[in-house]
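Topology and contacts: notes
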Amino acid sequence: MDPDLVLLLNGIVSGLLLGGLYAAAAAGLSVSFGMLDVVNIAHPAFMVLGALLVALLWAATGIDPLILSILLTPAFWALGAAIYVAYHHFFERRGDEAIQGLAFFFGVMFIIEVGLVMAVGPEQHFADASYANTTWRLGEIDLPLRMLVPALVALAAIGGLVFFLRRTFTGRAIAAVAQDREALRLLAIDPVRIKRLAFGISIAMAALAGGALVVVQPVDAWSGHVFIGRVFAIVIMGGLSSLGGCVLAALAFGVVENVTATFYGPSWSPAVAFGCLLLVLAIRPQGFFGRTA
Amino acid sequence: MSDATLPAMPVSPASRWMGHGSFWLAAAVAALLVILALRGFGSEYAYFAATFVLQYVVLATAWNILGGYAGYVNFGAAAFFAAGAYTTVAIGKALGLGLLPCIAFAALVGGALGLGTGILTLRLRGAYFAIATLCLSVVLQTIVVNWDYVGGSRGAYVIRPREVPWLFDSYSGFLCAVMVVLAAAAVALARTIEKSRLGLGLAALRDDEAAAEAAGVPTLRLKLVATTISGAMMAVAGAPLPYLGSYVEPNSAFGLAYAVNAIAMPLIGGTASWAGPLIGAVLLASLQQAATVTISSAANLMIVGVVLVVFVCAAPHGIIGLFRRSR
Amino acid sequence: MSNLKDDIVLRAEGVGKRFGGFTALSGVNLEVRAGERLGLIGPNGSGKSTFTNCLAGAFPSHDGGFTFKGRKLAGLKAHERARQGLARTFQLPRPFRGLSVIDNIRVPLAYAGRDAATDERAMECLESVELAGKANRMPKELTQVELRRLELARATALQPELLIVDEAMAGLSHTEVDQILALLFRLNAGGTTIIMIEHVMRAVTEFSQRLAVLVAGKKVADGEPRAVLSMPEVEEAYLGR
């Protein structure tokens, strides 16, 4: 085969795998930002918190990092619920969400990151899964399990979340809170309770994404920064509250970044990806894959 | 500079107690007193610490023109700040010019960047605007990292001139005096805007853009004026940075510390008035300067984060708001 | 410019607006004479507010267009229309919440007023709606009817030739409706053309010299109020089939 074509195919495939990781990182935000309208800019910081906890626990126990991250989800759910209670009490209830709410999460992000630096140091941490050095080959295309397994676990988790939102009463209430708060009141459902539950879920998803992240790459306290723009880009391109759109956008984003990195060098890939987002925002703020507002 | 875009005839409500001219005069006197006082100290550390604090006064005041007056949250303050710093590096290298002309160039670059951001984000509001500015910051950082002329990812050294201008005892003293003047001018400019027709229009569009349009306010144009002025001032804040440390590299110049401080300082002080960013910047920057010396650099960021969260929760209108309520 | 032979201040020709697949307005023609008091009525969702928004420039219409004082409005932004003398109020009062009552009035005076934006002029505007005593209060301290009056004062500060009053009476008491009506009559006597969009039938019949009726985005009637209200298609639209 033409070596350039092989390069391109490999670039696309590993871009899709990278996209799986991005989908994990963005899915939680799609719930909080897309459905609940809570601009949680600290979402990637929660993911990094999860990643570093997984790394510490892995070093202590040797259990598989992804299993560890699943074990962490209840604690993160509780953390998320607690943060939502504070956010609701101080901002939503007052109707001050705009600037103050943004600044609140900006501050939370800083507290998490600096707290991590103070607790575990500024250096990189990693967790090696048992399959980390195995690579499957399909013809000329490489499928490193280090990327494939986290991507599949992430997609499975998102699938489970979609099922929960569509098929259960509580899940449908979460989807409804995005559209019509009054309707919930008529059904005698407390929207604050529903949003607290949903925000907890979004932070639990961040823990899972953290587990996936630390399998893919070493993580330090500031690793979340490069994800802030990415995850918001993905959620917006995906049409905010649509998890399916979010996954598609994440895969597209991964491919664009990875192909750019393959052909022009990794230092250009963020600019290309964020250039795309700027264009999306300028031309079609409601996203490419979602329904129109 | 950007002054030309200001409407000529202010219809100030509150200038009853002090006109624009007297305020600029007061700012000039205050600047002179600060310069003389620092000269009295005369220590290099005092100059450095004062310059550090004052660059934040300019940055926070600049951020507040868009964020506080017009209600558009800019997460990309670091990008504008770094654009100023790198203008100094590039112009200094290309034309061999000193600090003062570089500051003027930085204002032009920052203003152009602000105008560009404004045009690109005209239709965006709230969180979308904030996220777009964050993206802009990443794009700009990538460009600088890949731009070898200004040092790329390795950074660039800037050598301070050997001879000290005018009557100053050291280059740090000169740099500090320049920063004092910039800070005084920034605060006076912010107050002029706040109490003018422009400020009234920005306040109207912050509260309700459709209603502002219906009242005859050209919201898009005012937004562009605000992004341009704010961008120019943020770049001016960053222009002296290369001389302050004699070394700039992208990760520190684009550091989120600048972005978070630019937001935290006005919010802590109070966004509705020119005094808010001034108070917030002086308090928070001094606190960080003290923390860097006595504790660690991680701890001083922790302080910013905690103070920011506590303030937005407990005092949504900042220190000024607390003061007004208790009166 | 305004000395037109037929004295028509506003002419809408074939105005249409769609939202996605939903047609909110189609082929609406309307002429308003200078100094006239026109009532625009219709059931909920009939397109009254869409008509207002198209006319004021909040969003563009798809078909047709407006001629105001002999000039086409197409392409003019909302603030430009406001400066031409076309003012509107909002259905729910939308004061600038961060500005005091008098500063709310200063905004239109500073940006579109015909004369200098002095404090005296702002106070005059507030006096005309009996809010002068609350000049330095914040909007959140006002009652609902006071907010409606502030909304009106902000529109009249533009010294408009045409004022569109969008449901200013909803939820007000009998005497409060009378207060607002008296205010509108005064404005009209001073030469302002007024289009009143209203559900409160007592107010609209008392006020209007002429009624136009919108049903499902189309104008179904236009004429002398009592005649219009007795038309079978109007009764049908209001009472349902």
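Residues numbered from 1 in each chain as written. Chains lettered and ligands numbered in written order. Predicted model: local features only at pLDDT ≥ 70, side-chain atom pairs only at ≥ 80, totals over all residues.

Observations concerning the overall build of chain B
A count of helical and extended segments in chain B gives 15 helices and 2 strands. A compact globule built from 327 residues would reach a C-alpha radius of gyration of about 20 Å, and chain B, at 19 Å, matches this within 12%. C-alpha atoms of chain B, sized along the principal axes, occupy 55 × 45 × 40 Å. A burial count over chain B gives 58% of its 327 residues as buried. Here the contacts in chain B between residues at least 6 apart in sequence split such that 78% fall between residues at least 24 apart. (Helix = DSSP H or I, 4+ residues; strand = E, 2+ residues; numbered from the N terminus. Rg over C-alpha atoms; globule rule 2.2 N^0.38 Å. Buried ≥ 20, exposed ≤ 12 C-beta atoms within 10 Å, placed from the backbone. Contact = placed C-beta atoms within 7 Å.)

Some remarks on the packing of helix α1 (residues 3–35) of chain A against helix α8 (residues 191–216) of chain A
All names here are of chain A. In contact at an axis separation of 8 Å, α1 and α8 are set at 165 degrees when each is read in the N-to-C sense. For the element pair α1 / α8, the angle class is roughly antiparallel. Crossing handedness for the pair α1 and α8: left-handed. Between α1 and α8, the contacting residues are Leu21, Ala24, Ala25, Ala27, Gly28, Leu29, Val31, Ser32 and Met35 on the first element and Ala198, Phe199, Ile201, Ser202, Ile203, Met205, Ala206, Leu208, Ala209, Ala212, Leu213 and Val216 on the second. (Axes fitted to C-alpha atoms, helices over the stretch in contact; angles between N-to-C directions. Parallel < 35°, antiparallel > 145°, perpendicular 65-115°, else oblique. Left-handed = near helix turned anticlockwise from the far one by under 90°.)

A few points about the pairing of strand β1 (residues 8–19) of chain C
Residue and element names in this part refer to chain C. The pairing of β1 with strand β2 (residues 22–33) spans 8 bridges and is antiparallel. In the sheet register, Phe19 faces β2, and the bridge partner there is Phe22. Taken together, the 5 bridges between β1 and strand β4 (residues 63–68) define a ladder with antiparallel strand orientation. Paired with Arg11 across the bridge in β4 is Thr67. (Pairing = 2+ DSSP bridges.)

Quick look at the pairing of strand β8 (residues 193–197) of chain C
All names here are of chain C. Along β8, 5 of the 5 residues are buried, which leaves the element largely enclosed by surrounding structure. The alternating pattern of β8 places Thr193, Ile195 and Ile197 on one face and Ile194 and Met196 on the opposite face, and all of these are buried. As judged from the 4 bridges shared by strand β3 (residues 37–41) and β8, these two strands associate in the parallel manner. Bridge pairing in β8 places Gly39 opposite Met196. In terms of strand pairing, strand β7 (residues 162–166) meets β8 through 5 bridges, oriented parallel. The residue of β8 that forms the bridge with Asp166 is Ile197. For the crossover that starts at β7, traverses helix α6 (residues 174–189) and ends in the parallel β8, the hand is right-handed. (Right-handed = clockwise from strand over helix to strand, strands pointing away.)

Some thoughts on the confidence of the model for chain B
Residues and elements named next belong to chain B. Looking at chain B, pLDDT values average 84 and 93% of them are 70 or higher. Across chain B, helix α9 (residues 219–238) holds the top mean pLDDT of 95, while helix α15 (residues 318–326) sits lowest at 75. Per the prediction output, this complex has pTM 0.84; the corresponding ipTM is 0.87. (pLDDT = per-residue confidence, 0-100.)

Overview of the sheet that holds β1(C)
The 4 strands are arranged β2-β1-β4-β5 (chain C) in an open sheet whose pairing can be described as antiparallel. The open sheet has two edge strands, β2 and β5 (71–72) of chain C, and neither has a second partner.

Thoughts on the sheet that holds strand β10 (residues 218–223) of chain C
Residues and elements named next belong to chain C. In spatial order, the strands read β6-β7-β8-β3-β9-β10; together these 6 strands make up an open sheet with mixed pairing. The open sheet terminates on both sides in strands that have one partner only, identified here as β6 (86–88) and β10. Averaged over all neighbouring strand pairs, the angle between strand axes comes to 15 degrees, with direction disregarded. Across the face of the sheet, α6 comes into contact with β3, β7 and β8 while running at roughly 150 degrees to β8.

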